[in-house]
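Structure assessment
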Amino acid sequence: MAQPRLFSLVLLTVALGAQALTPSYHLSLSDVARLQALLSQPFTDLASAYYSIVGLSKLGASVADENDACHFLKAQLDPMSVDSLFFAAEASQAISDCEIPVSNETRDILLAAVSEDSTVTQIFRAVSALSSLGLPLASQEVVGALVARIAKEDNVLAITTALQTATRLSQQADFGGILEEIEDLAARLDDLGGVYLQFEEGLEATALFVTAAYTLSDHVDTEPPLKEDQVIQLVNSVFSKKSWQSLSEAFSVACAAAALSNNRFQVPVIVSAQGPATVSHNQPILQLLVTDVLSNPLASASVVVESAQAVVSKNVILTQAPFSLRDGIFELNFMTSQPASGYYQFTVAITGDTRLVASQVELKVKVSTEVAITNMDLSVVDKDQSIGTKTSRVDYPFKAKGSFTADSHQNFAMTFQLVDVNTGVELTPHQTFVRLHNHKTGQEVVFVAEPDSKNLYKFELDTAERKSEFDSMSGTYALHLIVGDATLENPILWNVADVVLKFLDEEAPAAIQSKTLYMPKPDIQHLFREPEKKPPTVVSNAFTALVLSPFLLLLILWFKLGANISNFSFSPSAVLFHVGHACMLGLMYVYWTHLNMFQTLKYLAIIGSLTFLAGNRMLAQKAVKRIASK
Amino acid sequence: MATRTSDRQTSRGSSTLLSNKRTLSMAQTKSNFIFFLTMSSMMHMALADGKTLVLLDNLNIRDTHSIFFRSLADRGFDLSFKTADDPSLSLIKYGQFLYDHLIIFSPSVEDFGGNINVETITSFIDGGGNVLVAAGSDIGDPLRELGSECGIEFDEEKTAVIDHHHYDVSDPGEHTLIVADPENLLKAPTIVGNPSDKPILFKGVGMVADPDNPLVLDILTGSSTSYSYFPDRPISQYPHAVGKNTLLIAGLQARNNARVVFSGSLYFFSDAFFNSAVQKATPGSQRYAQTGNMELAEALSQWVFKEAGVLRVGAVTHHPVGESTPPAAYTITDLVEYSVVIEMLSKGSWVPFDGKDIQLEFVRIDPFVRTYLKKNGDKYSIQFKLPDVYGVFQFKVDYNRLGYTHLYSSTQVSVRPLQHTQYDRFIPSAFPYYASVFSMMGGLFVFSIVFLHMKEKEKSD
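Residues numbered from 1 in each chain as written. Chains lettered and ligands numbered in written order. Predicted model: local features only at pLDDT ≥ 70, side-chain atom pairs only at ≥ 80, totals over all residues. Heavy atoms only, no water.

1. Notes on the overall build of chain A
The condition is simple: Secondary structure elements are defined from DSSP: runs of H or I of at least 4 residues count as helices, runs of E of at least 2 residues count as strands, and each element is numbered from the N terminus. As a reference, a globule follows 2.2 Å times the number of residues to the power 0.38, and the radius of gyration itself is taken over C-alpha atoms. Per-residue accessibility, obtained with a 1.4 Å probe over protein chains only, is compared with the maximum for each type, and a residue is labelled buried under 20%, exposed over 50%, and partly exposed between these values.
In terms of regular secondary structure, chain A is built from 17 helices and 23 strands. Taken over the C-alpha trace, chain A has a radius of gyration of 52 Å; the compact-globule value for 630 residues is 25 Å, which it surpasses by more than 25%. When the backbone C-alpha atoms are referred to their principal axes, chain A occupies close to 170 × 100 × 45 Å. Split into buried and exposed, the 630 residues of chain A put 49% on the buried side.

Below is the structure:
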């Protein structure tokens, strides 16, 4: 698949853009395909048909069904409207065998539109329609109308449209001030960071200006007043947008691409490596693609390396070496000059066509190699050195048998060398890390292994000193060696051995707050107070019986003594007194179970007063009776 | 009525309004709820057309990142694009925030224009504004400072995250175009979207999280073999970030629910990365026709601009079981039913939230009861027995989960001890006392009758 490769080209060219001013963006093959796909949408109206048909023809493609498209144009044509005529006429030009019928009325409408009273757009559309339909027009009149209109509509779009109109006029006409408008417009472009040059009106305005400038320059055969840097900046801003929002935007980009890749004066050239710009012993040939902005190869060019310089040592190892052309790709076997691994700065010149812009290109080329690990020795060393060290050798890619144990009195040590497989030279790659990974907790600690003066890598782990980095978590750690470098084709991730680390004072690892911040908290059940333990009910029941017994005793003794109530007389006062008395006692019970003091006093006052009166009367009666009986 | 309700809400506007409320009777709670509803419709509108300031290095970024910006615009954001050094920039005018959200896509800015600087951005975040920051290897000082304010330490300028084991086939040569495995994403679908197996392309600067800041979220980390350093200089000191500590994308939800996302890579959001194919350079690795960048960027932007993971509290009700209104004060050991409506913002409207781990606390200084709420129709409810301790308590729902706004609701109630009539009247152990009293009372009654009405026999008998 071509996509990742082309994508890399974009990135590579981005990287290059920073050094010398070379185009950072162009339409890669996949971009062109996407642009074509966008332009190949079904037509909705005449304008979309125009954008699709003409846009596709600019990209060198055509609509799927030309007959259908032609029918669509004819069906939608409104012979009274300048816009409609313009869209249909221009689109029909891009389709073979599609004639738009012209009547005298149509011609009159179009000619009438060419006047100082119409807008620039109207003039452009009328003029374009007339020239596409093969109808005669008076060029000098048009120029006059345009000049008058530009004075009124002084904006980028209007002037650009005027320039486009001028391309449809006869070459013999006197364009006067119109050609100078290109230069004026170029002065209005905004420079963004020295990389982009664009109108603030947006991508469409910029792209149409590029189109108009080159088409007009071709038309009148004078070099456009744009400097090389400006051209490159324009290329960057027109092609940096990779996702087009509307048909007209896509159309404008397609037109600009066509104008930039095919004109008589300035053709920006895109130099990019085929795939990554990397050579190695396995793949010694550096392949360059030299294309225009539409990714069409420029086969006529010839490519020469002016110099190739090592980035680090600044040694020039190659000068004036030509690339050979094979199947549209320029190739050079760089490994014949036996470069060491690393980056090389290439200055590449493209010749063979005077139109080329940005023909001097700086390229960064990588020479990569393969690494091998040798002399890997592992040992556990006592700090006081009283016990001789026992080293064990491990070979890549195997894992050491058994595990190594290091406590706080010992150091764990590892030595190894890294050599170039192809040349046998010792290497010092960018990344030589030792990673200790605890499977249980998922914790990983990474150390950097550093080479000594003889490029022998040594890694010592002082268990006591490094305690804090491991959070004092004793346990088995998997020891990995990570070797990597941008110039290494085989990065290494090697599980060398298992190491058991023992730390002295193992503290419970502090709870990390962020882990618990978003977790549910533990449930809390309220513990209700236990009711106090009560004495056995047997005791209380026994005492209840004991307490009740005097009352029973009273009743029994009374019975024996012959207690009676024979004197009771059923007078209302007597009955009322005893009922009232009983009620008062009952009220005491209700007070205990239900009522409060105030309610009780209220009821007591009622019952009490009644009982009092009844009692008084009853006793009075009794006294009267007793006196009478005497 | 001694019930007091206070709710902390998700939006700036409503929280200030609600904090003005002091004492609410329960009768007012209903009108309170209606107030919520009107509030919510206002908030909904406020969220739909969020005014967003986009700061760019140059306006061309609008074109190179058009898919991302278009997806924001399609979702109703009102984007205003400015270059970061535009002298007319301002975030705050007359003490009011001019924008709801801020996007900083200008890694290399050395000084913001206008009256924007790191302090104003920090106070924007303190005021509840959301910020999306994309950096790159050309990161300038202001962004590094802003990162430090948020607990994220960027590596130095010109450094890049390097991974010699997981780089893309189209890497231009320095192994800085990294393929990040989706396993290294934070396990929080509200933030990173639904899990997918598409790898993520990244090219830019690395970050590490401040270990003392518990709010920083490691949204995307590097693999164990990654590190952050100058690609063109040999390693002479310990790299700023190594292994899984290397953050590629980090996030932060502040205590005021303002959200900030830092991406170490501006390319991450670019059209080129969205549309690119991706394949690790290791031989035999799988090729994916598209990166996961677009989905991740969209999910991140939804989260950071408060379209996802936003919760709010609706009506809160509580009453004793078997009744429908709350009493002036609960009595200890009452059986109480509490229910709360919790809603989530989804595609611009509030829908009932579906959570399984919402906890209710019954708090008097310390929680006495903490229990899970059960979903019951549209609301969450629970019945529980009040503790046998009296005092002023709060029903508290404090829901703080990864990716969601902090949801907090507390309702104050008082719990009083038993009244004297509510105690047990007859304790078995005290039966002798009751018996003696009742026998005395019975005795008095019987004795008074006998004493008053006995007919003594004649002495002669």
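2. With respect to the overall build of chain B
Test applied: The criterion used for residue contact is that any of the two residues' heavy atoms lie within 4.5 Å. Here the accessible surface of atoms and residues is derived via Shrake-Rupley with a 1.4 Å probe, and residues count as covered only by protein chains that are part of the display.
The helix and strand tally for chain B stands at ten helices and 29 strands. Expressed as a percentage of the 461 residues in chain B, the buried residues total 57%. Partitioning the contacts of chain B with sequence separation of at least 6, the portion at a separation of at least 24 is 70%. Just so you have it, chain B exposes about 19,400 Å², and 54% of that area is on carbon and sulfur atoms.

3. Some remarks on the state of the cysteines
Note on terminology: disulfide describes a covalent bond linking the sulfur atoms of two cysteines. Residue and element names in this part refer to chain A. Applied cut-off: A pair of cysteine sulfur atoms is labelled a disulfide when the two atoms are within 2.5 Å.
Under the criterion given, the structure shown has one disulfide over all chains. Linked covalently through their sulfurs, C70 and C98 form a disulfide whose S-S length is 1.9 Å. Because the sign of the S-S torsion sets the handedness, a value of about 90 degrees for the bond joining C70 and C98 places this disulfide among the right-handed ones. Residue C70 is located in helix 4 (residues 66-76), and its partner C98 is located in the loop between helix 5 (82-94) and helix 6 (104-113); the two are separated by 28 residues in the primary sequence.

4. Quick notes on a negative patch on the surface
All names here are of chain B. As a reminder of what qualifies: To count toward a patch, a residue needs a relative accessible area over 30% and no salt bridge; like charges are then connected within 9 Å, while nonpolar side chains (Val, Leu, Ile, Met, Phe, Trp, Tyr) are connected within 5 Å. What makes a salt bridge here is a side-chain nitrogen of Lys or Arg within 4 Å of a carboxyl oxygen of Asp or Glu, nothing more. Only four residue types enter the tally: Lys and Arg on the positive side, Asp and Glu on the negative side, with His and both chain ends excluded. By convention, the charge on Lys lies at NZ, on Arg at CZ, on Asp at CG and on Glu at CD.
Side chains of E110, D111, D138 and E157 sit close together on the surface and give a patch of like negative charge. When you line up the elements, D138 lands in the loop between strand 7 (130-134) and helix 6 (141-149). When its relative accessible area of 38% is taken as the criterion, D138 is described as partly exposed.

5. Digging into the sheet that holds strand 6 (residues 285-291) of chain A
Residue and element names in this part refer to chain A. Basically, it comes down to this: Strands qualify as paired when DSSP identifies two bridges or more between them. Interaxial angle, 0 to 180 degrees, is taken between N-to-C directions of lines fitted to C-alpha atoms, where a helix line uses only the stretch in contact.
Taken together, four strands build an open sheet; the order of strands is 4-6-10-9 and the sheet is antiparallel. Looking at which strands have only one partner, the edges of the open sheet turn out to be strand 4 (270-273) and strand 9 (324-326). Pairs of neighbouring strands in the sheet enclose a mean axial angle of 35 degrees, with direction left out of account. Looking at chain direction, strand 6 and strand 10 (residues 329-333) are connected through four bridges and run antiparallel. When the sheet's bridge partners are listed, Q287 is paired in strand 10 with E331.

6. Here's the deal with the UniProt feature "domain: Ribophorin II N-terminal" (unreviewed entry) in chain A
Note the threshold: UniProt positions are given in the numbering used here, feature names are shortened, and annotations may be inferred rather than shown by experiment.
The UniProt record marks residues 27-261 of chain A with the feature "domain: Ribophorin II N-terminal" (unreviewed entry), using the residue numbering of this structure. Regarding residues 27-261 of chain A, the helix share stands at 64% and the strand share at 3%, and the terminal C-alpha atoms are separated by 11 Å.

7. Concerning the pattern of salt bridges
Under the definition given, this model contains 24 salt bridges over all chains. Here R466 of chain A and E469 of chain A are joined by a salt bridge, their closest N and O atoms 3.0 Å apart. For R466 of chain A, a relative accessible area of 30% gives the class partly exposed. Across the salt bridge formed by E361 of chain B and R370 of chain B, the nearest N and O atoms sit 2.6 Å from each other. Take E361 of chain B and R370 of chain B: they sit in the same class, and that class is buried. In the salt-bridge network here, residues are joined through shared partners; they are D31, R34 and K242 of chain A.

8. Section: the UniProt feature "domain: OST48 middle" (unreviewed entry) in chain B
Under the UniProt annotation, the feature "domain: OST48 middle" (unreviewed entry) is placed at residues 318-455 of chain B. Strand forms 46% of residues 318-455 of chain B and helix 17%; the C-alpha atoms that close the span are 69 Å apart.

9. Topic: the interface of chain B and chain A
Keep this limit in mind: Computed with a 1.4 Å rolling probe, the buried area is the accessible surface lost when two parts are put together, summed over both parts. Side-chain atoms alone can form a polar contact between residues adjacent in sequence; in general such a contact is a pair of N or O atoms within 3.5 Å, and within protein one must be able to donate a hydrogen while the other accepts it. Any residue that is not Ala, Val, Leu, Ile, Met, Phe, Trp, Tyr, Cys, Pro, Asp, Glu, Lys or Arg is counted as polar, Gly included; the first ten are nonpolar and the last four charged.
Facing the 93 residues of chain B at the interface are 90 residues of chain A. Each partner contributes to the roughly 7,800 Å² buried at the junction of chain B and chain A, and carbon and sulfur atoms together form 62% of this total. At the junction of chain B and chain A, the tally comes to three salt bridges. E361 of chain B is the salt-bridge partner of K521 of chain A, the closest N and O atoms lying 3.9 Å from each other. Across the contact surface, chain B and chain A share 28 residue pairs in polar contact (both at pLDDT 80 or more). Among the secondary structure elements, those contributing two or more residues to the side of chain B that touches chain A are helix 3 (60-64), helix 4 (66-74), strand 14 (227-229), helix 8 (271-275), strand 24 (359-364), strand 25 (366-372) and helix 10 (431-453) of chain B. For the side of chain B that touches chain A, the element with the highest residue contribution is helix 10 of chain B, accounting for 19 residues. Split into classes, the residues belonging to the side of chain B that touches chain A amount to 48 nonpolar, 28 polar and 17 charged.

10. A few points about the packing of aromatic side chains
Two aromatic rings are characterised by how far apart their centres lie and by the angle between their planes. Residues and elements named next belong to chain A. As a reminder of what qualifies: Classification of ring pairs rests on two measures: the distance between centres of Phe, Tyr or Trp rings, Trp counted by its six-membered ring, which must be within 6.5 Å, and the angle between planes, read as stacked under 30 degrees, edge-to-face over 60 and tilted in between.
This model, assessed by the stated rule, comprises 47 aromatic pairs over all chains. Centroid distance Y50 to F86: 5.0 Å. Interplanar angle 55 degrees. Geometry classified as tilted. With Y50 in helix 3 (residues 46-58) and F86 in helix 5, this pair connects stretches of sequence that are 36 residues apart. Residue Y50 shares its accessibility class with F86, and that shared class is buried. An aromatic cluster is built from Y50, Y51, F86, F87, F124 and F251, whose rings are joined through pairwise contacts.

11. Side note on unusual backbone geometry
The omega torsion of the bond from Y396 of chain A to P397 of chain A falls at 0 degrees, within 30 degrees of zero and hence cis. Tracing the sequence through the fold places P397 of chain A in the loop between strand 15 (391-394) and strand 16 (403-406). Positive phi, close to 60 degrees, is recorded for D221 of chain A, a residue that is not glycine. Relative to the elements of secondary structure, D221 of chain A occurs in the loop between helix 11 (203-220) and helix 12 (228-239). Located in the positive-phi region is K158 of chain B, a residue other than glycine, with phi close to 75 degrees. Within the element layout of this structure, K158 of chain B appears in the loop between strand 8 (152-154) and strand 9 (160-162).

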